[in-house]
Amino acid sequence: MFMRIDHIGIACHDLEEKIALFSSTFDLTVVAREVNEEQGVKEAMLHVADGEGGGSYIQLLEPLSPDSPVGRFLAKRGEGVHHVAFGVPDVERAMAEIGGKGVRLLDERPRHGSMGSQIAFLHPKDVGGMLTELVQAPTP
């Protein structure tokens, strides 16, 4: 079902500061920037590597407000890993298959994700305490 780790989402207070850190420390390049009003974040995707199933990234997330999901995460836990995202060939099929195994879905249907992808989240309490995202890359 999973083709790759699509990205690791990292919550941060200052997007520009973290871009500079990851760029200089790990020699990563920003390949996309986006403001996602629906999710309440400014984000940057930094390219890590390409593989057979597609690219892998670090996603840096700065909240647009303290009451957004990432804003609440930062207030409770501080900066750090927010979620892990797995690439899937068909997000709707993955949602049905995983949901059929008793895992609660946080999304009823896929929604817009970074770089034109379709995404859905799984309830962290049902997958070992880790917020998990399913990502279907856009078709070229």
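The following paragraphs examine the structure supplied in this document. (Residues numbered from 1 in each chain as written. Predicted model: local features only at pLDDT ≥ 70, side-chain atom pairs only at ≥ 80, totals over all residues. Heavy atoms only, no water.)

Next up on the list: the pattern of salt bridges. Scanning the entire structure with this criterion turns up nine salt bridges. Notably, a salt bridge pairs R104 with D126, separated by 2.9 Å at the nearest N-O pair. You can see R104 sitting in the loop between α3 (91-99) and β6 (111-112) and its partner D126 sitting in the loop between β7 (118-122) and β8 (132-136), a full 22 residues away along the chain. We classify R104 as partly exposed; its relative accessible area is 43%. By sharing partners, the salt bridges in this structure join E17, K18 and E79 into a single network. (Salt bridge = Lys/Arg side-chain N within 4 Å of Asp/Glu carboxyl O. Helix = DSSP H or I, 4+ residues; strand = E, 2+ residues; numbered from the N terminus. Buried < 20%, exposed > 50% of the residue type's maximum accessible area, 1.4 Å probe, protein only.)

All right, on to the side chain of H7 then. You can see H7 is positioned in strand β1 (residues 4-11). Side-chain polar atoms of H7 contact the side chain of Q59, separated by 3.0 Å. A polar side-chain atom of H7 sits 3.1 Å from a polar atom in the side chain of E133. In this structure, H7 is in contact with M45, Y57, Q59, H83, V84, A85, E133 and V135, ignoring residues within four places of it in sequence. (Polar contact = N/O pair within 3.5 Å; in protein donor to acceptor, adjacent residues only side chain to side chain. Contact = heavy atoms within 4.5 Å.)

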